[in-house]
Amino acid sequence: SDGPSRLLPTLRSRCRHLRLHPPAWSQARKWLVSRRAEPDSDDLLGIASGCPLSALRLGEGNALERFDRAAALMQRAARPGAWVSSLAAEAGDIELRELLGWMQVYLVDLGRWFADPAASRVPRARSVHAMLAGVADAGAVARQLRETLRAARDAASTANPNRQLLLESLLAGWSAADRAGQGDRPV
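Rules and cut-offs
- Residues numbered from 1 in each chain as written.
- Predicted model: local features only at pLDDT ≥ 70, side-chain atom pairs only at ≥ 80, totals over all residues.
- Heavy atoms only, no water.
- Helix = DSSP H or I, 4+ residues; strand = E, 2+ residues; numbered from the N terminus.
- Buried < 20%, exposed > 50% of the residue type's maximum accessible area, 1.4 Å probe, protein only.
- Areas by Shrake-Rupley, 256 points an atom, 1.4 Å probe, with all protein chains shown as cover.
- Salt bridge = Lys/Arg side-chain N within 4 Å of Asp/Glu carboxyl O.

**Student:** Looking at this structure, how should I read the overall build of the protein?
**Tutor:** Scanning the protein from N- to C-terminus turns up 10 helices and 0 strands. Along the protein, helices and strands appear, N-terminal first, in the series α-α-α-α-α-α-α-α-α-α. Across its three principal directions, the C-alpha atoms of the protein cover 55 × 40 × 30 Å. Taking all 187 residues of the protein together, 37% fall into the buried category. Of the roughly 10500 Å² that the protein leaves accessible, carbon and sulfur atoms contribute 54%.

**Student:** Is there a simple way to explain the environment of Gln-75 in this structure?
**Tutor:** Mapped onto the secondary structure, Gln-75 falls in helix α5 (residues 63-77). On the basis of relative accessibility, which here comes to 9%, the residue Gln-75 falls in the buried class. In sequence terms Gln-75 and Pro-117 are 42 residues apart; their C-alpha atoms lie 17 Å from each other.

**Student:** Would you mind showing me how to read the pattern of salt bridges here?
**Tutor:** Side-chain pairs of opposite charge can arise where the charged atoms are in close proximity. The tally for this structure, following the rule as stated, stands at 11 salt bridges. Here Arg-124 makes a salt bridge to Asp-40, at a shortest N to O gap of 3.6 Å. On the criterion of sequence distance, the pair formed by Arg-124 in the loop between α7 (96-115) and α8 (126-132) and Asp-40 in the loop between α2 (25-35) and α3 (41-47) is long-range, its members being 84 residues apart. Salt-bridge contacts for Arg-66 lead to Glu-98; the nearest nitrogen and oxygen are separated by 2.2 Å. Here Arg-66, found in helix α5, pairs with Glu-98, found in helix α7; they are 32 residues apart in sequence, far enough to count as distant. Arg-66 gets classed as buried once you look at its relative accessible area, which sits at 19%. Residue classification places Glu-98 among the partly exposed positions, given a relative accessible area of 25%. Several salt bridges converge on common partners, so that one network encompasses Asp-40, Asp-43, Asp-68 and Arg-124.

Function-wise, these values are silent; they only describe arrangement.
The following block contains the structure:
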């Protein structure tokens with residue numbers, strides 16, 4: 001089960017617990033390249049958190065294009081004077097929960113990059129990470145990730161939040177959080 005806490009305690013007590021982890025990065029990459037001989041295998045694997053089957057599924061669609069759009073959205077929102085209303089509207093063709101998921105993936109990778117640039121798992125995002133280094137810090141990334149997770153929870157609920165307002169609030173918070181204590185530096 002991928003959700004053992006949802007199982008009844010009487011069932012859990014009679015089960016053997018096995019924790020399965022993704023394969024080693026090099027092994028997963030080798031497998032993915034054997035299935036999809038494309039130059040973006042490292043990006044797909046990074047976006048899929050090292051899970052090769054997920055990376056394979058992502059490669060079958062235009063996942064990298066949507067990830068790039070989410071990364072660009074985060075970068076543009078961090079610019080001083082960003083018009084978050086128009087930025088939120090530009091992403092209108094991406095389903096809200098999917099967009100929030102891409103933003104989460106981007107922010108997690110950005111957090112890795114702040115800890116150690118070599119730890120970033122998505123090579124295509126490193127240039128955007130470097131651009132954001134002048135206006136963001138690890139604390140702002142952590143706060144924004146928390147807010148993005150909260151927005152994803154709201155989007156998945158039955159409350160049916162207003163998409164435009166939710167995105168505007170999220171992007172405005174990112175813009176303000178980036179510049180708090182940093183000064184207004186252009187990206």
